[in-house]
Amino acid sequence: MEIAVDERGYYGEFGGAFIPEMLYPNVEELKRRYLSIMEEPDFQRRFRQLLRDYVGRPSPLYLAERLSNHYGATIYLKREDLNHTGAHKINNTIGQILLAQKLGKTRIIAETGAGQHGVATATVCALMGLQCIVYMGAVDIQRQAPNVARMRMLGAEVRPATSGSQTLKDATNEAIRDWINHPEETHYIIGSVVGPHPYPDMVARFQSVISEEMKWQLLEHTGNSDPDLVIACVGGGSNAAGAFYHYLNTPAVRLVAVEAAGKGIHSGHSAATSVLGTKGVIHGSRTLLMQTDDGQIIEPYSISAGLDYPGIGPMHAHLIKTGRAEAVSITDDEALNAAFSLTRTEGIIPALETAHALAALDKLSFKKTDIMVVCLSGRGDKDLAAYIEYLDSHGL
Ligand SMILES: *Cc1c(COP(=O)(O)O)cnc(C)c1O
């Protein structure tokens, strides 16, 4: 059966649009118009031009020879870390800002955890001269000072979310509240393949440029556009959705979704949604989420702020539940080790989120002849504090 979203926004039993009545006009308009706008030649020309000249695409597909020798297979890295602002997130914010302009919106809001999506959103707002308000948990504002400074320098207003655990989920709640209060002029740029339909599909389409490029790049490198495995980390799941997109209906390509096990899957400090999650509704879509028996959200935990989310996008819930994708859970320590391992075999410092995907190489079974692509979702500059702590505690 083909894997694609249906008209009501469902992937199998996951997805949909569960929203307050006040947001109906906005979400309906988006749903009605996103595909036709994205198909307009003028939109495509602008989108492609900015991806090339502003973001720096295509991102390289790099054959990591020393890493390949270490694991005894062929490993390519899809270098999203080389994009402007340092991660894949800019692919989506470029797409959504162009869409917001087509919808005549003048005010942009966003939520952010580590601040990467906030920076990517503030960046495109500066580029287009639009007002930008970013909601961020008060705890994350403390933890991620450099990204807060970047957003302010870019002209965005960073508003603290002070409810709950004061992290990403609370920032998302605040952003939704803002949208309800200012629906006319505001577009909400969601940062991952989560939220009510059409966001998961729309964001996946903007990020699908990742696997679109992988196909022709692999063909050039190996003579075959299909790898044996594609590996990506999953917070909400947008870099994974982009890396999987053009292989979803090619069953011979194994898709590996890597999530954060924090201090251990069953430690009570984890974000391993595919293992611990049950069906429920969060932020407008029906998906897998970490909740108590009576439906209270369980606070997620991961060393990496980008994977520290209690849910998972509906596409990934579907892929994992149907067996199309394999889920792997990686602890903080395993991710830290993988970050140092990549840095010292290839001279590339990855983001902590990305390090989870790399650590999965130790957990998977594969053949010597296998060709794998790891989506290198972002660079590690923002994570230097955690890396310095590791250096000091390991006497490196
Ligand atoms: C935000 C982020 C992620 C997690 O988000 P997804 O939507 O799951 O891709 C992963 N890697 C990096 C570098 C990020 O900034």
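Residues numbered from 1 in each chain as written. Predicted model: local features only at pLDDT ≥ 70, side-chain atom pairs only at ≥ 80, totals over all residues. Heavy atoms only, no water.

(A) Molecular detail of the overall build of the chain. What the chain contains, in helices and strands, is 16 helices and 14 strands. For the chain, whose C-alpha radius of gyration is 19 Å, the value lies close to the compact-globule estimate of 21 Å for 396 residues. For the chain, the C-alpha atoms occupy an extent of roughly 55 × 45 × 45 Å along the three principal directions. In the chain, buried positions account for 59% of the 396 residues. Contacts in the chain between residues at least 24 apart in sequence constitute 73% of all its contacts with a sequence separation of at least 6. For the chain, the exposed surface amounts to about 15600 Å²; the carbon and sulfur share of it is 51%. Within the chain, one finds 36 positive and 45 negative side-chain charges whose respective centroids are separated by 3 Å. (Helix = DSSP H or I, 4+ residues; strand = E, 2+ residues; numbered from the N terminus. Rg over C-alpha atoms; globule rule 2.2 N^0.38 Å. Buried < 20%, exposed > 50% of the residue type's maximum accessible area, 1.4 Å probe, protein only. Contact = heavy atoms within 4.5 Å. Areas by Shrake-Rupley, 256 points an atom, 1.4 Å probe, with all protein chains shown as cover. Lys, Arg positive; Asp, Glu negative; His and termini not counted. Charge placed at Lys NZ, Arg CZ, Asp CG, Glu CD.)

(B) Spotlight on the site of the ligand. Within the structure, the ligand sits among 16 residues, and K89, S192, G235, G237 and S238 are positioned closest to it. G235 places a polar main-chain atom, nitrogen or oxygen, 2.7 Å from an oxygen atom of the ligand. Separating an oxygen atom of the ligand from a side-chain N or O atom of N239 is a distance of 2.8 Å. Here the ligand, which alone exposes 390 Å², has 96% of that area covered by the protein. (Near = heavy atom within 4 Å. Polar contact = N/O pair within 3.5 Å; in protein donor to acceptor, adjacent residues only side chain to side chain.)

(C) Representation of the side chain of T93 within the structure. Looking at where T93 falls in the secondary structure, it is placed in helix α4 (residues 89-102). Only 3.3 Å separates the side chain of T93 from the backbone oxygen of A120, close enough to count as a polar contact. In this structure, T93 is in contact with H117, A120, T121, V124 and I189, ignoring residues within four places of it in sequence.

(D) Spatial organisation of the pairing of strand β4 (residues 74-79). Of all six residues making up β4, five are buried, and the element is well covered by its neighbours. The sheet contact formed by strand β3 (residues 61-63) and β4 spans three bridges and is antiparallel. Bridge pairing links L61 to K78 in β4. Bridge analysis of β4 against strand β14 (residues 371-376) gives six bridges, and the strand direction is parallel. Paired with Y76 across the strands is V373, a residue of β14. (Pairing = 2+ DSSP bridges.)

(E) Representation of the nonpolar core in the model. The biggest cluster of nonpolar side chains holds 54 residues, and the ones touching the most others in it are F43, I94, I97, L98, L99, M151 and M202. Contact partners of I94, with chain neighbours within four places excluded, come to F47, L50, Y54, V55 and V124. Ranked by size, the runner-up nonpolar core spans 36 residues in total, among them L77, V328, F340 and V374. (Core = buried A, V, L, I, M, F, W, Y, C linked by side-chain atoms within 4.5 Å.)

(F) Focus on the environment of G277. By secondary structure assignment, the location of G277 is in the loop between α12 (273-276) and β11 (278-282). According to the relative accessible area criterion, G277 is buried, its value standing at 10%. It is 9.7 Å that separates the C-alpha atoms of G277 and I298, two residues lying 21 residues apart in sequence.

(G) Spatial organisation of the packing of aromatic side chains. Here the structure, examined in full by the defined rule, presents eight aromatic pairs. For the pair W179 and Y199, a centre-to-centre distance of 6.3 Å together with 70 degrees between the ring planes defines the contact as edge-to-face. Separated by 20 residues along the polypeptide, W179 in helix α8 (residues 168-181) and Y199 in helix α9 (residues 199-207) bring together distant segments of the chain. The same class applies to W179 and to Y199, which are both buried. (Phe/Tyr/Trp six-rings, centres within 6.5 Å; stacked < 30°, edge-to-face > 60°.)

(H) Spotlight on helix α2 (residues 41-55). Between its terminal C-alpha atoms α2 stretches 20 Å, which fits the 21 Å expected from 15 residues at 1.5 Å a residue. Of all the residues in α2, the buried ones are F43, F47, L50, L51 and V55. With its buried residues spanning 100 degrees around the axis, α2 presents them on a single face. What points out from α2, more than 90 degrees from its buried face, is the exposed set P41, R45 and R52. Those residues of α2 that are buried lie in contact with α1 (24-39), α4, α5 (116-128), α9 and α10 (209-222). (Expected span 1.5 Å × (residues − 1). Arc of directions from axis to C-beta.)

(I) Representation of the pairing of β11. As paired elements, β11 and strand β12 (residues 285-289) share five bridges and run antiparallel to each other. Its bridge partner lying in β12, G280 is registered against T287. Linking two consecutive strands that pair antiparallel, namely β11 and β12, is a turn of two residues; a positive phi of about 45 degrees is found at H283 within it.

Interpretation in functional terms is not warranted from these geometric data alone.
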